[in-house]
Amino acid sequence: MSLSHNIPSKRPWGLRWRSSVWFVTVVVGFGITTDLLVYSSIIPVIPFQLEFLHYTGVSALTGWLLCAYSAGLVLSTIPIALFSEKWTSRRIPLIIGLVVLIGSQIFLMLAPNFALMAIARVIQGISSSMVWIVGLALLCDTTPEHKVGRQLGIAMTGLSVGLLVGSPVGGALYSRFGFHAPFIFGVICATLDLLARLLVIERHEAVKWGVDPWAPDIPSRNDSAISLEIVLPTLPPIARMESILTITGTKKDVPPSPTSFSESKAYGDVEAPRRWSAITRAGASETTLVRKPSSLLTVITNLLRAPRALAALAMALVYGIVNSMQEPTLPLRLQAVWGFSSSQVGLVYLATFIPALVSSPLSGWLCDRVGADYITSLCLILTVPWWILLTLRNSLALFIISLALQSFFVGGVVPPVTAELAAVSRNMQGVGYAHVYGAFNLAFGIGTALGPIVGGQIYDHVPHGWTALCLITAALILICVALAFCYTGSDPLLSKAIRRYSSSSR
């Protein structure tokens, strides 16, 4: 049963593939790639442009431009998350975000002074928030619950691809064609991303034409499926936006009194939900709320009351800190100990990004089958030894191998954490996908803002700064291990261990 105000008059072309889980996954993954590519491709060229504009203290000014991006990302996250959950379509905010991203690239390319460059970077951070929050929410809307981890893992490979490709391509384009070339490349990529977003058909639109991206995942039964269209002439006063209610199921799942249900929603007995979806698992139909507009106070209160959500957000914060602390310090370490040049440092960075291309989809796939609790805890535990080995300076080969393996296991943490947040949203009244991914974006953004500052200060001012950074990172990861053990999953590992101990002691 689906409830809407507008019934489409013409079947869209390519409806099945444009609304499919895999097409949406590719589009969202390409969007993440584009965002990180645009972010990283200009990092090698900004210092040269500042020198061209006759600025001194270029290193510090470059750092402030990086901070401006993070500031835009962090400050815009909450309003974007709320806006996305109140809007009927995910497509609209995604298109707005990409248009803003293209505009920010042109703005930064033509900025004649540092102040305007900083404003452009803030705008770029705002557009990045829209791409991440709404893109991940769209993917969760489209994907059946039991495949969310796998699809998020595949989409998240865009993070590593963007960082891997961005800086080398930006530097090469700058050397060959000048300052404008990396920005033009970024605009082209963002335009392609925009065209791909325009092709996406959201699930609630596809089901109006009898095509449901979830359909292959629902086992067939003898009972025939029911699909009804009901048009409401008016909206309840509490819902100041178009509400869409989608329920798919079999005949025996249909409630006995749909009219009374609709009337209770219409007259405001409870908050009118945006979309409901039925998932058949183990032969049972289960209704899950996946989009719910709520006030900011309601969202914050609900998230603060959920240790499961807070644990996932703490891991996102640590992930942002750990990754960004390496940005100003790893090149200095390689130069000080082994005398590496900038091109050699770039080759070492390949060891950081390439392993995550494998671990991200692999951990997402395992998360759907084993559970986020096991995969998150295992990846975090296996990360710690490699950070200890990174403190050694007697073997370059061991250093690079350790760097690659810590990247492999850290990269494997992101898909189960994002899948965990999706599960929190499905089971928490008043909190939608955009809300939890807005919180994820906020935590990650704060981490990436703090990481370079903390890392640079410790490396410069603490004796044996690199060793101190590695030990601090290991300690932060161990804290995340404890959080994952106690709170990750609907049935955390700690609860399982207590039950097993209790049963064995009887």
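See above for the structure.
The notes below deal with the structure included here. (Residues numbered from 1 in each chain as written. Predicted model: local features only at pLDDT ≥ 70, side-chain atom pairs only at ≥ 80, totals over all residues. Heavy atoms only, no water.)

Focus on a nonpolar patch on the surface
Okay, so step 1: On the surface, Phe30, Ile184, Ile188, Leu192, Leu195 and Leu198 cluster together to form a nonpolar patch covering roughly 520 Å² of accessible area.
Okay, so step 2: Per element, the largest residue contribution to the nonpolar patch is five residues, and it comes from helix H8 (residues 180-199).
Okay, so step 3: For Leu192, the location among the structural elements is in helix H8.
Okay, so step 4: On the basis of relative accessible area, Leu192 is assigned to the partly exposed category, the value being 48%. (Patch = residues over 30% accessible without salt bridge, like charges linked within 9 Å, V, L, I, M, F, W, Y side chains within 5 Å. Areas by Shrake-Rupley, 256 points an atom, 1.4 Å probe, with all protein chains shown as cover. Salt bridge = Lys/Arg side-chain N within 4 Å of Asp/Glu carboxyl O. Helix = DSSP H or I, 4+ residues; strand = E, 2+ residues; numbered from the N terminus. Buried < 20%, exposed > 50% of the residue type's maximum accessible area, 1.4 Å probe, protein only.)

Some details on the packing of helix H2 (residues 21-41) against H8
When two helices pack together, their arrangement is given by the angle between their axes and by how far apart the axes lie.
Okay, so step 1: Between H2 and H8, the least distance of the axes is 10 Å, while the angle of their chain directions is 160°. Relative to H8, H2 is oriented roughly antiparallel. Note that H2 runs across H8; the crossing there is left-handed. Across the interface between the two elements, Phe23, Val27, Val28, Phe30, Gly31, Thr34, Leu37, Val38 and Ser41 of H2 pack against Pro182, Phe185, Gly186, Cys189, Ala190, Leu192, Asp193, Ala196, Arg197 and Leu199 of H8. (Axes fitted to C-alpha atoms, helices over the stretch in contact; angles between N-to-C directions. Parallel < 35°, antiparallel > 145°, perpendicular 65-115°, else oblique. Left-handed = near helix turned anticlockwise from the far one by under 90°. Contact = heavy atoms within 4.5 Å.)

Brief notes about the pattern of salt bridges
Opposite charge on two side chains makes pairing possible when the charged atoms of those side chains draw close.
Okay, so step 1: In the structure shown here, the tally under the stated rule is seven salt bridges.
Okay, so step 2: Across the pair Arg197 and Asp193 runs a salt bridge whose closest N-O atoms are separated by 3.0 Å. Within this pair, Arg197 and its partner Asp193 are both found in helix H8, separated by four residues, close to a single helical turn.
Okay, so step 3: Assessed through its relative accessible area of 2%, Arg197 is described here as buried.
Okay, so step 4: For the salt bridge of Asp491 with Arg499, the shortest nitrogen-to-oxygen distance reads 2.6 Å.
Okay, so step 5: We classify Arg499 as partly exposed; its relative accessible area is 45%.

Quick look at the packing of helix H14 (residues 372-389) against helix H19 (residues 493-505)
Okay, so step 1: Between H14 and H19, whose axes approach to 10 Å, the crossing angle comes to 105°. Considering their axes alone, H14 and H19 lie roughly perpendicular with respect to each other. The residues of H19 that touch H14, namely those facing Asp373, Tyr374 and Ser377, are Leu493, Lys496 and Arg500.
Okay, so step 2: Its residues placed into classes, the contact of H14 with H19 shows two nonpolar, one polar and three charged. (Nonpolar A, V, L, I, M, F, W, Y, C, P; charged D, E, K, R; others polar.)

As for helix H12 (residues 307-338)
Okay, so step 1: The first and last C-alpha atoms of H12 sit 44 Å apart over 32 residues, in line with the 46 Å expected at 1.5 Å per residue.
Okay, so step 2: Glu327 marks the point of greatest bend in H12, at about 45°, and the proline Pro328 comes within the next four residues.
Okay, so step 3: A positive phi of about 65° marks Gly339, the residue just after H12. (Expected span 1.5 Å × (residues − 1). Bend = angle between axes of the 7 residues up to and from the residue.)

Thoughts on unusual backbone geometry
Okay, so step 1: Located in the positive-phi region is His54, a residue other than glycine, with phi close to 70°.
Okay, so step 2: With respect to the element layout, His54 can be found in the loop between helix H3 (46-52) and helix H4 (58-86).
Okay, so step 3: Given a relative accessible area of 71%, His54 falls into the exposed group.
Okay, so step 4: Unlike most non-glycine residues, His464 shows phi in positive territory, near 55°.
Okay, so step 5: Residue placement: His464 occurs in the loop between helix H17 (433-461) and helix H18 (465-487).

Comments concerning the side chain of Gln406
Okay, so step 1: With respect to the secondary-structure elements, Gln406 resides in helix H15 (residues 396-411).
Okay, so step 2: For Gln406, a relative accessible area of 2% translates into the label buried.
Okay, so step 3: A polar contact is formed between the side chain of Gln406 and the backbone oxygen of Leu403, at a distance of 3.3 Å.
Okay, so step 4: Not counting chain neighbours up to four residues away, the residues in contact with Gln406 comprise Gln326, Thr383, Trp386, Trp387 and Leu390. (Polar contact = N/O pair within 3.5 Å; in protein donor to acceptor, adjacent residues only side chain to side chain.)

Structural notes on the environment of Leu493
Okay, so step 1: Examined against the element boundaries, Leu493 turns out to sit in helix H19.
Okay, so step 2: When the C-alpha positions of Leu493 and Tyr374 are compared, they lie 7.5 Å apart, and in sequence the two are 119 residues distant.
Okay, so step 3: Look past the residues within four positions of Leu493 in its chain and what remains in contact with it is Asp373, Tyr374, Ser377 and Phe485.

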